[in-house]
Each structure stands twice: as C-alpha cells, then as structure tokens.
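Observations on chain architecture
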Amino acid sequence: MSPALREFYENPAVPVASGPDRSRRQARMLAHALNAEAAKGAEGNASATVLDIGCGDGTAAATALPLLRGHRLIGVDWSQDALRRAARRLPAVVRGELTDGGLPFADGSADACVFSEVVEHLVDPDTALDELRRVLRPGGHLLLSTPNLAAWYNRGLLLAGVQPVFSEVSLRGIHGRPGREVVGHLRLYTARALRGFLTASGFEVVRLAGAPFHGVPRGLRPLDRAVCRVPSLASILLVHARRREDAWSGA
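Residues numbered from 1 in each chain as written. Predicted model: local features only at pLDDT ≥ 70, side-chain atom pairs only at ≥ 80, totals over all residues. Heavy atoms only, no water.

A count of helices and strands for the chain gives eight helices and seven strands. Taken across its 251 residues, the chain has 50% of its residues classed as buried. Summarising the internal contacts of the chain: among those between residues at least 6 apart in sequence, 70% fall at separations of at least 24. Element-wise, carbon and sulfur atoms account for 55% of the exposed surface of the chain, whose accessible area totals about 11700 Å². (Helix = DSSP H or I, 4+ residues; strand = E, 2+ residues; numbered from the N terminus. Buried < 20%, exposed > 50% of the residue type's maximum accessible area, 1.4 Å probe, protein only. Contact = heavy atoms within 4.5 Å. Areas by Shrake-Rupley, 256 points an atom, 1.4 Å probe, with all protein chains shown as cover.)

Right, here's the structure in full:
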C-alpha cells in the first residue's frame, strides 16, 4: 500500500462502514450458520473462532457481539491506531495484513471470517481472498459485505451521466457524484460480479442478501430498505459463502 493510502486509512475521520443495520444483518446470517452447523454436529463446534478482518475501530463487531455470544471473536486490522480503539470494544485484537501469510493464524484455524466493507478498498483483492481461504477450515464461513455498484439509485444516476454513489475518482475530494465523504473505494462490485469472484477464489456462495445504506437521504430510506428484498438492487451486498472442501489452502 502506498504511503498516501496508508495515511488516508489511518485517519480516524474517514468513514469505513455502512451503518449498524448492515452489521446486525450480517451477524444474524453468521449466527444462523454457526448455530445450524452446531445443531447438526458438523465440523464446527458450539464455540467457533470468528475473525473480523479489517475490524477498524471495532464498532461493527461490537454491534454483532450480542448475536455471537459463546463464540470467540477476534478483531484483525493492519492499523495500530484502529486496533487501539478496537481494543476498547472487543475481547481480543491482533495486527495482520491481507498479504500472502500476512494473517497471524495457522492454516484452517478459523471457523468464520467477517470481511465487512474491506474488499472495495483493496489494490489486490485476489491475494486477500487467497489469505482468507488459507486461514479458514474447509467448509468455514465467509461473511462479506460491500457497496453495490448496481444499487437502484446508481442505475438512474448512470443513465443521467452522473458518477455513481460509492465510486471515487480522487482521495482529495468528491467529483461528479452525490455525497460529501471521500472513503477510498478502489473497486466496486455488482451482485453477479461478486458471486463470480468468490466462486473463482475457492468459495461456494450460500446466500446473497441486501442491506440499506445509512447515507441515503432520509426521505428515500423506506424505499432503500424495501429494495433490500431484491439484493441485486440493494445499496449493500451481503454474502454468506463457504470455503469449498476441494479448495487449496494456500495461494
């Protein structure tokens, strides 16, 4: 990562999450998967190891904690400043990077990885998915969320020749799109593209759902929540995937 990008992401004023609604929906998806697995007596156990990769200040993981009682949740981030803040909210935090072998966990040691609002910030998402697959046990769960390039309002904006929401052309300011916050997005996905990317990376997509975005104008929020019933149109894409049994553990 370049020094400019590191400085940008170390700034605590930079927003990096789409709101507590997304966190709760994602936590419910994970809790349901872990509980169903434990009830069947599958490889997962009643006390699963869950890694929140890119936990930031721990706000999202803290929102999910009440739904994941009995499981071991570890926050992981490369930013020491973020980890200092996350340590006040989470039971355990460690430093790690999404490079080959950059996460300080053994192969197949995690039952689940939460990967929220991270993939859109990465220069090399392929290596990141390789590393997540490495630390997950076969059949382990990946809960990924990311903004939807094809959100219902972005489709209209593009038809009107307006830069879509979530997209970025500069780290220094907003140009040609609604909104006032620069958040450092480098990559954006549609539901179809995300499904294909995960499949090619050694994961089986179990469920794709939608979540609302807190930045939608107040008057349009009821519509934004209703559209979540059609994930391909939702503001935020939520994916539950599992590491394929036949997927290799290394890159």
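Once that is clear, we can look at the nonpolar core. Grouped together as the largest cluster of nonpolar side chains are 31 residues, with contacts concentrated most on Ile 53, Leu 98, Phe 115, Leu 142 and Leu 198. Secondary structure elements with two or more residues in this core: β1 (49-53), β2 (72-77), β4 (110-116), α5 (125-135), β5 (136-147), α7 (191-200), β6 (203-211) and β7 (236-243). Once residues within four sequence positions are removed from consideration, Leu 198 is found in contact with Leu 129, Leu 142, Leu 144, Phe 203, Val 205 and Val 239. Within the second largest apolar cluster, 29 residues are counted, among which are Ala 64, Ala 112, Leu 157 and Val 216. (Core = buried A, V, L, I, M, F, W, Y, C linked by side-chain atoms within 4.5 Å.)

A word on the environment of Asp 52. Inspection of the secondary structure puts Asp 52 in strand β1. When its relative accessible area of 6% is taken as the criterion, Asp 52 is described as buried. In sequence terms Asp 52 and Leu 143 are 91 residues apart; their C-alpha atoms lie 9.4 Å from each other. Discounting residues that sit within four places of it in the chain, Asp 52 has contacts with Ala 61, Leu 73, Ile 74, Gly 75, Val 76 and Val 114.

What follows covers unusual backbone geometry. Of note, Glu 117 is a non-glycine position whose phi angle comes to about 55°, a positive value. Of note, Glu 117 is situated in the loop between β4 and α5. Phi is positive for Phe 166, close to 85°, though the residue is something other than glycine. Residue placement: Phe 166 occurs in the loop between α6 (152-159) and α7. On the basis of relative accessible area, Phe 166 is assigned to the buried category, the value being 5%.

Our focus in this paragraph is α5. Summarising burial for α5: nine of the eleven residues are buried, a large majority. When we look at burial in α5, the residues that qualify are Pro 125, Ala 128, Leu 129, Asp 130, Glu 131, Leu 132, Arg 133, Arg 134 and Val 135.

Here the focus is the environment of Arg 177. Within the secondary structure, Arg 177 sits in the loop between α6 and α7. Using a relative accessible area of 12% as the deciding quantity, one classes Arg 177 as buried. Considering only alpha carbons, one finds Arg 177 and Val 165, twelve residues apart in sequence, at a separation of 6.2 Å. Those residues within four positions of Arg 177 in sequence are excluded, and the remaining contacts are Val 162, Gln 163, Pro 164, Val 165, Phe 166, Ser 167 and Glu 168. Among the polar contacts listed, one links the side chain of Arg 177 to the backbone oxygen of Ser 167, at a separation of 2.7 Å. There is a polar contact of 3.1 Å between the side chain of Arg 177 and the backbone oxygen of Glu 181. (Polar contact = N/O pair within 3.5 Å; in protein donor to acceptor, adjacent residues only side chain to side chain.)

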